[in-house]
Amino acid sequence: MSGRDRDDSLPRHVAGNIETIMQLEEAALATRSRGERIADRVVAVAGSTLFLAFQLLLAACWIAVNAATPAWRFDPFPFPLLNLVIASEAMLLTIFVLSKQNRLGHRADRRAHLDLQVNLLSEKEITAALQMLTLVSERLGIDPQHADPEITEMQGSTPVEELARDLHEKLPD
């Protein structure tokens, strides 16, 4: 086999990366509290098309019953009880959504920190590899500057703090 499983169309290292990502996501989901799981479920249901249709049908029925049938009228026009129910529901759903977004933001921050760590490590490894290639090239009598004039600059460490400061100064808010 050439780096691929017989049953899989992806190379092993790619499949391994996907498996690692799946494990990280499963671990993040497993650490949620019971309340967070309930909130996630509420947000998932409230964000569905079926829930929207149910809400529209419920409001239409409420209005129809209170506007068209005087005998069943329990919330006359302008439907203050309906407004209270909808406003209360909106407030609760907003809290659930903000809670989930806050949690997802923290997860995204952790992923970004992991990405930065891996990128910094990769930069150091690539710099070391370039330095070794330069030494090998020099031993073989090949001028590495001839292949790429920026090779000397790339062999130095990347000033991450300076890059971050420049990006902060130059990117619009």
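Residues numbered from 1 in each chain as written. Predicted model: local features only at pLDDT ≥ 70, side-chain atom pairs only at ≥ 80, totals over all residues. Heavy atoms only, no water.

K.L.:
For this particular structure, what's the right way to read a nonpolar patch on the surface?
P.N.:
Taken together, the side chains of Phe74, Leu81, Leu84 and Val85 define a hydrophobic patch exposed on the protein surface, amounting to about 360 Å² of accessible area. Here Phe74 shows up in the loop between helix 3 (49-68) and helix 4 (80-139). (Patch = residues over 30% accessible without salt bridge, like charges linked within 9 Å, V, L, I, M, F, W, Y side chains within 5 Å. Areas by Shrake-Rupley, 256 points an atom, 1.4 Å probe, with all protein chains shown as cover. Salt bridge = Lys/Arg side-chain N within 4 Å of Asp/Glu carboxyl O. Helix = DSSP H or I, 4+ residues; strand = E, 2+ residues; numbered from the N terminus.)

K.L.:
Teacher, can you tell me more about the side chain of Arg107 here?
P.N.:
Secondary-structure assignment places Arg107 in helix 4. Every residue in contact with Arg107, bar those within four places of it in the chain, is listed here: Glu25, Ala28 and Leu29. (Contact = heavy atoms within 4.5 Å.)

K.L.:
Would you mind going over the packing of aromatic side chains with me for this structure?
P.N.:
Working definition: an aromatic ring pair is given by the centre-to-centre distance plus the angle between the planes. Counted by the stated rule, this structure contains two aromatic pairs. Judged by centre distance (5.1 Å) and plane angle (65 degrees), the ring pair of Trp62 and Phe74 falls under edge-to-face. Taken as a pair, Trp62 in helix 3 and Phe74 in the loop between helix 3 and helix 4 lie far apart in primary sequence, 12 residues in all. Seen from their ring centres, Phe77 and Phe79 are 5.5 Å apart, and the 90 degrees between their planes marks the pair as edge-to-face. (Phe/Tyr/Trp six-rings, centres within 6.5 Å; stacked < 30°, edge-to-face > 60°.)

K.L.:
Is there a simple way to think about unusual backbone geometry in this case?
P.N.:
A negative phi holds for most residues other than glycine; trans holds for most peptide bonds. At the junction of Phe77 and Pro78, the peptide bond is cis and its omega measures out at 10 degrees in the coordinates. Relative to the elements of secondary structure, Pro78 occurs in the loop between helix 3 and helix 4. Positive phi, close to 60 degrees, is recorded for Phe79, a residue that is not glycine. Within the secondary structure layout, Phe79 lies in the loop between helix 3 and helix 4.

K.L.:
How should helix 4 be read in this particular structure?
P.N.:
Given 3.6 residues per turn, any residue in an α-helix points the same way as the ones three and four places further on. Between the first and last C-alpha of helix 4 there are 86 Å, a value that for 60 residues agrees with the 88 Å anticipated at 1.5 Å per step. If you check which residues of helix 4 are buried, you get Leu82, Arg103, Arg107, Thr127, Leu130, Thr134 and Ser137. Two residues or fewer past helix 4, Gly141 is found with a positive phi of approximately 80 degrees. (Expected span 1.5 Å × (residues − 1). Buried < 20%, exposed > 50% of the residue type's maximum accessible area, 1.4 Å probe, protein only.)

K.L.:
Looking at this structure, how should I read a negative patch on the surface?
P.N.:
Judged by side-chain charge, Glu161, Glu162, Asp166 and Glu169 come together as a negatively charged surface patch. Tracing the chain through its elements places Glu169 in helix 7 (residues 160-170). By relative accessible area, which is 57% here, Glu169 ends up exposed. (Lys, Arg positive; Asp, Glu negative; His and termini not counted. Charge placed at Lys NZ, Arg CZ, Asp CG, Glu CD.)

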